[in-house]
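If you want the building blocks of each chain, they are given just below.
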Amino acid sequence: MTEPSTCAISAPADACASRSTRTEAELRAFMARAVHEVRETNPLAPSITNTVTQNFVANAQLAVGGSAAMVYLPDEGECVAALGGAVYINLGTLLPVYEQTVPATARACAAAGKPWVLDPVGIGIGSLRTQLIEAVHENPPAILRGNASEIIAVAELWGLAGDSSDDASGDGPRGVDSTDSVDAAERAAVACARFTGGAVAVSGATDLVTDGAQVARLSGGSPLMTCITGSGCSLGGVAAVYACVADPFVAALTATAAYNLAGLRAAEACSGSGSFQVAFLDALYNLTAEEVAEAPLALASASGTQAL
Ligand SMILES: Nc1ncnc2c1ncn2[C@@H]1O[C@H](COP(=O)(O)OP(=O)(O)O)[C@@H](O)[C@H]1O
Ligand SMILES: Cc1ncsc1CCOP(=O)(O)O
Ligand SMILES: [Mg+2]
């Protein structure tokens with residue numbers, strides 16, 4: 001087994017594009033290492049994120065062993081791109097200043113060779129979200145994370161959809177929720193990953209994670225995850241924590257596997273959606289590296305996926 005790639009930390013996302021495919025056993029070993037390393041090194045993954053779920057994002061990042069810092073302003077974004085191991089940008093609630101903050105932070109990440117994670121929450125609401133997603137096309141995220149309708153919408157905005165939207169509902173997201181199945185977003189996800197050279201994580205009842213060469217499907221979680229706000233947002237924040245120590249594909253797989261396990265356990269321990277949220281943080285906090293590495297995951301080649 002080769003050493004885990006550090007390209008997510010030391011080089012732009014497109015430097016990862018030529019990475020050869022890895023076996024399931026290798027990926028699982030890298031996932032375990034990512035969980036360990038985060039707990040040992042407490043990496044900082046700063047966020048520009050929405051006001052609805054900011055606290056939950058920070059608590060989830062802390063629960064897995066990372067460090068959180070939420071910022072709003074352009075020079076703050078540039079500053080944390082230098083300070084952090086990876087940056088999380090979530091477009092859930094926008095302020096006018098984000099017109100400057102988001103492109104400046106993406107540029108600063110590219111200049112510093114730091115990975116960043118994008119959650120295009122609410123894409124399609126108003127014009128600024130669209131404008132920002134088009135603007136970051138030139139400095140794309142190492143990890144794009146969203147629900148199926150959001151990923152399909154990003155592929156369309158970036159001109160990557162081809163006929164991939166044939167499978168989509170055509171309705172776009174319903175507010176912040178998906179109207180499409182994860183399978184309908186597969187071609188869009190593969191196309192986006194091939195474009196960014198990083199990874200794309202599509203969430204749903206069964207999650208899909210791809211680096212454009214391989215496609216993993218991960219099961220678990222709980223329908224209760226859709227009854228609280230922030231399970232998707234915090235998944236992006238936790239993916240950014242793992243991106244501080246692992247390449248984008250491994251980081252996205254690790255975060256997704258951890259969420260599926262924690263969701264299952266929290267559902268067993270709770271008595272409704274309120275106690276689910278608390279039980280979920282407890283479960284994230286208590287997960288071991290070995291458990292995450294053994295999470296249900298089916299790996300396939302993306303070569304059969306006509307993405308472009
Ligand atoms: N029906 C479901 N069963 C199990 N897990 C789910 C289900 N729906 C969503 N999840 C999980 O909830 C988390 C957030 O996913 P999702 O609800 O699709 O994101 P978003 O909140 O951004 O729309 C992911 O970890 C996903 O695996
Ligand atoms: C409800 C809501 N409105 C704007 S952002 C947001 C949070 C969305 O969180 P998630 O996508 O994790 O459900
Ligand atoms: Mg979301």
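These numbers come from a predicted model, not from an experiment. (Residues numbered from 1 in each chain as written. Chains lettered and ligands numbered in written order. Predicted model: local features only at pLDDT ≥ 70, side-chain atom pairs only at ≥ 80, totals over all residues.)

1. Examining the overall build of the protein
Phase 1 of the analysis: Across its full length, the protein holds twelve helices and eight strands.
Phase 2 of the analysis: Counting the 308 residues in the protein, one finds 56% classified as buried.
Phase 3 of the analysis: Within the protein, contacts between residues at least 6 apart in sequence are counted, and of these 77% link residues at least 24 apart. (Helix = DSSP H or I, 4+ residues; strand = E, 2+ residues; numbered from the N terminus. Buried ≥ 20, exposed ≤ 12 C-beta atoms within 10 Å, placed from the backbone. Contact = placed C-beta atoms within 7 Å.)

2. Thoughts on the packing of helix 5 (residues 98–112) against helix 6 (residues 128–135)
Helix-helix packing is described using two parameters, namely the angle between the two axes and the distance between the axes.
Phase 1 of the analysis: Helix 6 packs onto helix 5 with a crossing angle of 20° between their chain directions and a minimal axis gap of 10 Å. Between helix 5 and helix 6, the angle falls in the class roughly parallel. Taken as a pair, helix 5 and helix 6 cross one another with a handedness that is right-handed. For the pair formed by helix 5 and helix 6, the contact residues are Tyr-98, Glu-99, Val-102 and Pro-103 on the first element and Leu-128, Leu-132 and Ala-135 on the second.
Phase 2 of the analysis: Across the contact of helix 5 with helix 6, the residue classes break down as six nonpolar, no polar and one charged. (Axes fitted to C-alpha atoms, helices over the stretch in contact; angles between N-to-C directions. Parallel < 35°, antiparallel > 145°, perpendicular 65-115°, else oblique. Left-handed = near helix turned anticlockwise from the far one by under 90°. Nonpolar A, V, L, I, M, F, W, Y, C, P; charged D, E, K, R; others polar.)

3. Brief notes about the site of ligand 2
Phase 1 of the analysis: What surrounds ligand 2 is a group of 13 residues, the closest being Asn-50, Val-52, Gly-92, Gly-232 and Cys-233.
Phase 2 of the analysis: For the shell around ligand 2, the class distribution of residues is four nonpolar, nine polar and no charged. (Near = placed C-beta within 6 Å.)

4. Quick notes on helix 4 (residues 74–83)
Phase 1 of the analysis: Of all the residues in helix 4, the buried ones are Gly-77, Val-80 and Ala-81. Taken down its axis, helix 4 places every buried residue within 110° of arc, on the same side.
Phase 2 of the analysis: On its buried side, helix 4 packs onto strand 1 (47–48), strand 2 (87–90) and helix 5. (Arc of directions from axis to C-beta.)

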